[in-house]
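Reading the structure
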Amino acid sequence: MKVCVIGLGYIGLPTASILAINGFEVVGVDINKNRVEEIKNLTFKTTEKDLLTLVRGAINSGNLKIKNTPEKADVFIICVPTPIKNNRCDLSYINSAIDSIKPYLEDGNLIIIESTVPPGTSEEIYNKLSKYKNIYLSYCPERVLPGNILKELVDNDRVIGGINKESAERAKKIYDSFVKGKIYLTDCKTAEMVKLMENIYRDVNIALANEFAKISEELDIDVWEAIELSNKHPRVNILRPGPGVGGHCISIDPWFLIEKSKEAKLIRTAREINDSMPNYVANKIKQLTKGKNITIFGVTYKGDVDDVRESPAEKIISFLKEEFNIKCYDPYAKEFKYPLYPIDEAVEDSDLIVVLADHKIFRDLDEKDIKKISEKVRNRVIYDTKNIITKERWEKFGFKVYKLGGKND
Ligand SMILES: NC(=O)c1ccc[n+]([C@@H]2O[C@H](COP(=O)([O-])OP(=O)(O)OC[C@H]3O[C@@H](n4cnc5c(N)ncnc54)[C@H](O)[C@@H]3O)[C@@H](O)[C@H]2O)c1
């Protein structure tokens, strides 16, 4: 069976490769010529464990071809971006991906949409296409964790929504080839809603943690300790506060439901709370610094990944850059809007180090590393918005340590 995967980013490339390894004839398509070349030449950068090996194996097996344009296939899987524009889902990438496969579509083909979309989108696409062709269409959302994609692609349970039962069953056959988790079948609209509900659940929970952090600062309580103790309750699981919610999913997807319903009041408020955090943190930085030189540790949207999309660091820097000299250090980030420096240069004459991503390497900085940093900085002050650094170690070298949601001392 031949599968054409449209969009070879975080989701599409692992999906195409895993299908190829499992015996499908796969054509991976991306409109970005550089992306096509770096995949073909195996020069693409990634922090996904074993992705390079998987892609190499898939290409060497002869089952995975990487191209710029689609070709005829039995199944088309759509994995293109769905960003927001004016707080609404921008479906232009989906629409052009669908347009690009139209000339190759034949009766009996199956289209699977994996991109995150507002409920009702798959039905609209089907209604347009089915005027011309007798096709099957399913919506199969991705719920993988960046940094652990290959494992989760296989192990996670999947929800597959079909435009009709036959569409869902046909899509299930594809995923059955590599998914070890359970596969649940439903209709398209429900599957689209499920994907949004999962991310909204996390966004609202993080907003609650952020609100707790702000209140704790006001009341002189350590929010991290309070959350840890609250989570000892068997039915409580409060997430962690932070400098803002970034990434390609949680900070964006709630808007896809807000645009569809006036009832989405809590969801909107949560978004607003989380969106207020970069400004809140920037103001705190202004209060804490004794000079103009700020060092940022971690610019990715979360720890141990290379992804800077919607990263709070970018927003925080935009609030500070006119007034302060900012140097960023992040060994994972591939590209960032602002220059990245090696750690030695980033901390040179620093007045305040701000930790914005919970990379494990920040927790693991040992006494030798911290001593070196302490000798380079101008003022020994560190503000940890992720509660990741080992406070005592930094204090040993004369650092004053502040935490988001920490006590005032
Ligand atoms: N990254 C994640 O962890 C994740 C998790 C779950 C769901 N999703 C959803 O999956 C979708 C894809 O996300 P991603 O992170 O893989 O995006 P990405 O930006 O990493 O990759 C998308 C790729 O699609 C290509 N592209 C755009 N238009 C195209 C077209 N018409 N034809 C061919 N290629 C095209 C781009 O060049 C890019 O390489 C989004 O809707 C996203 O919300 C992502």
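Residues numbered from 1 in each chain as written. Predicted model: local features only at pLDDT ≥ 70, side-chain atom pairs only at ≥ 80, totals over all residues. Heavy atoms only, no water.

Over the atoms rolls a probe the size of a water molecule, and in doing so it shows where empty space is left. What the second largest pocket holds in volume is close to 160 Å³. Every residue along the wall of the second largest pocket is listed here: N95, I98, D99, K102, I125, K128, L129, K131 and Y132. Elements that contribute at least two residues to the lining of the second largest pocket include exactly α4 (92-101) and α5 (121-129). By residue class, the composition of the lining of the second largest pocket is four nonpolar, one polar and four charged. (1 Å grid on protein atoms, 1.4 Å probe; cavity = no way out; pocket = protein on both sides within 12 Å on 5 of 7 lines; lining within 4 Å. Points joined across faces, edges and corners; volume = space filled by probe spheres on them. Helix = DSSP H or I, 4+ residues; strand = E, 2+ residues; numbered from the N terminus. Nonpolar A, V, L, I, M, F, W, Y, C, P; charged D, E, K, R; others polar.)

All right, on to the pattern of salt bridges then. Applying the stated criterion across every chain, the model contains 30 salt bridges. Where R271 meets D203, a salt bridge forms, and the shortest distance between an N and an O atom there is 2.7 Å. Taken as a pair, R271 in helix α11 (residues 265-288) and D203 in helix α8 (residues 188-219) lie far apart in primary sequence, 68 residues in all. Between K403 and D222 there is a salt bridge, and its shortest N-O distance comes to 2.9 Å. Here the residue K403 occupies a position in strand β15 (residues 400-403), and D222 occupies one in the loop between α8 and α9 (223-230), the gap between them amounting to 181 residues. Taken together, the shared-partner salt bridges connect K2, K67 and E71 into one network. (Salt bridge = Lys/Arg side-chain N within 4 Å of Asp/Glu carboxyl O.)

In the vicinity of the ligand, 25 residues are found, and the nearest of them are Y10, I11, D30, T82 and T116. At 3.0 Å from an oxygen atom of the ligand is found a main-chain nitrogen or oxygen belonging to Y10. Between the ligand and T116 there is a distance of 3.0 Å, counted from an oxygen atom to a backbone nitrogen or oxygen. When the ligand is considered free in solution it has 830 Å² of accessible area, and contact with the protein chains removes 91% of it. Ranked by residues supplied to the shell around the ligand, first place goes to α4 with three residues. Residues that form the shell around the ligand fall into these classes: 13 nonpolar, eight polar and four charged. (Near = heavy atom within 4 Å. Polar contact = N/O pair within 3.5 Å; in protein donor to acceptor, adjacent residues only side chain to side chain. Areas by Shrake-Rupley, 256 points an atom, 1.4 Å probe, with all protein chains shown as cover.)

With that out of the way, let us pick up the domain arrangement of the protein chain. Under the domain assignment, the protein chain is made up of domain 1 (2-181) and domain 2 (221-403). Taking the mean C-alpha position of each, domain 1 and domain 2 sit 33 Å from one another. Taken together, the 19 residues of domain 1 in the interface contact 16 residues of domain 2. Looking at the side of domain 1 facing domain 2, the largest losses of area belong to Y10, T47 and I84, adding up to 32% of the total buried there. The tally of links between domain 1 and domain 2 comes to one salt bridge. Residues R88 and E259 are paired through a salt bridge, measuring 3.9 Å at the closest nitrogen-oxygen approach. At the junction of domain 1 and domain 2, the tally comes to two residue pairs in polar contact (both at pLDDT 80 or more). A class-by-class count of the residues in the side of domain 1 that touches domain 2 yields ten nonpolar, six polar and three charged. (Domains from an automatic or database assignment. Contact = heavy atoms within 4.5 Å. Buried area = accessible area lost by both parts, 1.4 Å probe.)

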